[in-house]
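As a plain string of letters, each chain reads:
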Amino acid sequence: MPAPSQLLFLPGASGSTAFWQPLAGMLTHPAERRIVAYPGFGDTPRDPAVDDFDGLVRHVLASVDRPTAVIAQSMGGVIAMRAALDKPDLVTHLVLTVTSGGLDMAGLGAQDWRAGFAEANPRLPDWFMTFRADLSQDIGRIAQPTLLLWGDDDPISPVAAGRRLLERLPDARLHVVPGGRHDLAAVHAQALAPLVDAHLQRV
């Protein structure tokens, strides 16, 4: 697998592109950085072509046009895993932070965040709040080196989810941040940047 020439950052459900700016700015890897905006999320205008989760995946896949490492937060991790499955020759590495990874999160002790999140973000697309990802049958086919970043104080995506992905992914490593919550990639960017840089050097 070639070294990535692009680092593609995927936000979580808020669609906030600002979330990834601290970590993106601290990495020393020479690849071009690109933070994806989701149509219909946050301040990004809606796109008629993105009217369900598959449409959002296609929107992201259009940016995977060269060797790409995908670095993803929460819901973005599901899209990252879909990208790894759909474009295995171009997705070189994955960095997944506090994601469901297409697992049954209720069975892993996760708090249901959707109702409160929908109230706080009334402009979110309707289809997003009802979507449930299930990649349980596909996880074992994701062969790219994967760095799993979790916090031990995150009720939305508990460490149990990271451990389950560690078991199921063929080439994964898990790093747990003491006191880390769901925003750990932004809050702990300085501590995580060297880990991500080292991971992107793996071949």
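Just above, that's the structure.
It should be emphasised that the depicted structure is a prediction, and the values quoted were computed from it without experimental measurement.

**Regarding the packing of aromatic side chains**
For any two aromatic rings, the description comes down to two numbers: the centre-to-centre distance and the angle of the planes.
Item 1. Counted under the stated rule, the structure contains three aromatic pairs.
Item 2. Their ring planes at 90° and their centres at 5.2 Å tell us that Phe 19 and Trp 20 sit as a pair that is edge-to-face.
Item 3. Residue classification places Phe 19 among the buried residues on the basis of a relative accessible area of 16%.
Item 4. Plain terms: the ring middles of Tyr 38 and Phe 41 are 5.6 Å apart, the flat faces sit at 75° to each other, and that makes the pair edge-to-face.
Item 5. Tyr 38 gets classed as buried once you look at its relative accessible area, which sits at 0%.
Item 6. Given a relative accessible area of 0%, Phe 41 falls into the buried group.

**Quick notes on the pairing of strand E1 (residues 6-10)**
Item 1. Most of E1 sits inside the fold, with five of its five residues counted as buried.
Item 2. Along E1, one buried face is formed by Gln 6, Leu 8 and Leu 10 and the opposite face, lined by Leu 7 and Phe 9, is buried too.
Item 3. Across four bridges, E1 lies against strand E2 (residues 32-35) in parallel orientation. Within E2, the residue paired with Leu 8 across the bridge is Arg 34.
Item 4. Between the parallel pair E1 and E2, the chain is carried across by helix H1 (residues 21-26), and the sense of this crossover is right-handed.
Item 5. Relative to strand E3 (residues 68-73), E1 is paired through five bridges, and the arrangement is parallel. Along E3, the bridge assignment pairs Leu 7 with Ala 69.

**So, the pattern of salt bridges**
Item 1. On inspection of all chains with the given rule, the structure shows seven salt bridges.
Item 2. A salt bridge links Arg 82 to Asp 54, with the nearest nitrogen and oxygen atoms 3.1 Å apart. Taken together, the residues Arg 82 in helix H3 (residues 75-86) and Asp 54 in helix H2 (residues 53-61) connect sequence positions 28 residues apart.
Item 3. We note a salt bridge from Glu 167 to Arg 164, for which the minimum N-O separation is 3.8 Å. Taken together, the positions of Glu 167 and Arg 164, both in helix H6 (residues 159-168) and three residues apart, correspond to about one turn of that helix.

**Some remarks on unusual backbone geometry**
Item 1. Look at Ser 74: it is not a glycine, yet its phi comes out positive at around 50°.
Item 2. Turning to its location among the elements, Ser 74 is positioned in the loop between E3 and H3.
Item 3. With relative accessibility at 14%, the residue Ser 74 sits in the buried group.
Item 4. A positive phi angle is found at Val 98, which is not glycine, with a value near 40°.

**Concerning the nonpolar core**
Item 1. Ranked by size, the top nonpolar core spans 63 residues in total, and within it Leu 10, Tyr 38, Ile 79 and Val 196 carry the most contacts.
Item 2. A total of eight residues in this core trace back to one element, the largest contributor, which is H3.
Item 3. In contact with Ile 79, not counting residues within four places along its chain, are Leu 10, Tyr 38, Phe 53, Leu 56, Val 57 and Val 60.

Criteria and cut-off values
Going along each chain's sequence as written, the residues are numbered from 1 onward. Confidence filtering applies because this is a predicted model: local features only for residues at pLDDT of at least 70, side-chain atom pairs given and counted only at 80 or more, and all residues used for totals across whole chains, interfaces and linings. Side-chain numbers come from the whole structure's heavy atoms, not from hydrogens or water. Each pair of aromatic rings taken from Phe, Tyr and Trp, with Trp reduced to its six-membered ring, is defined by centres within 6.5 Å and is described as stacked if the planes are under 30 degrees apart, edge-to-face if over 60, and tilted in the remaining cases. Buried means the residue's accessible area, taken with a 1.4 Å probe over protein chains only, is under 20% of the maximum for its type, while exposed means over 50%, and partly exposed covers the values in between. Strands are runs of DSSP state E lasting at least two residues, helices are runs of H or I lasting at least four, and both sets are numbered from the N terminus onward. When DSSP finds at least two bridges between two strands, those strands are taken to pair. Think of it like this: strands point away, you trace from the first strand over the helix to the second, and a clockwise trace means the crossover is right-handed. Just to be clear on terms, a salt bridge is a Lys or Arg side-chain nitrogen sitting within 4 Å of an Asp or Glu carboxyl oxygen. Think of a nonpolar core as a cluster: buried Ala, Val, Leu, Ile, Met, Phe, Trp, Tyr and Cys residues, connected wherever their side-chain atoms sit within 4.5 Å. Note on contacts: a residue pair is in contact if any heavy atoms of the two residues lie within 4.5 Å.

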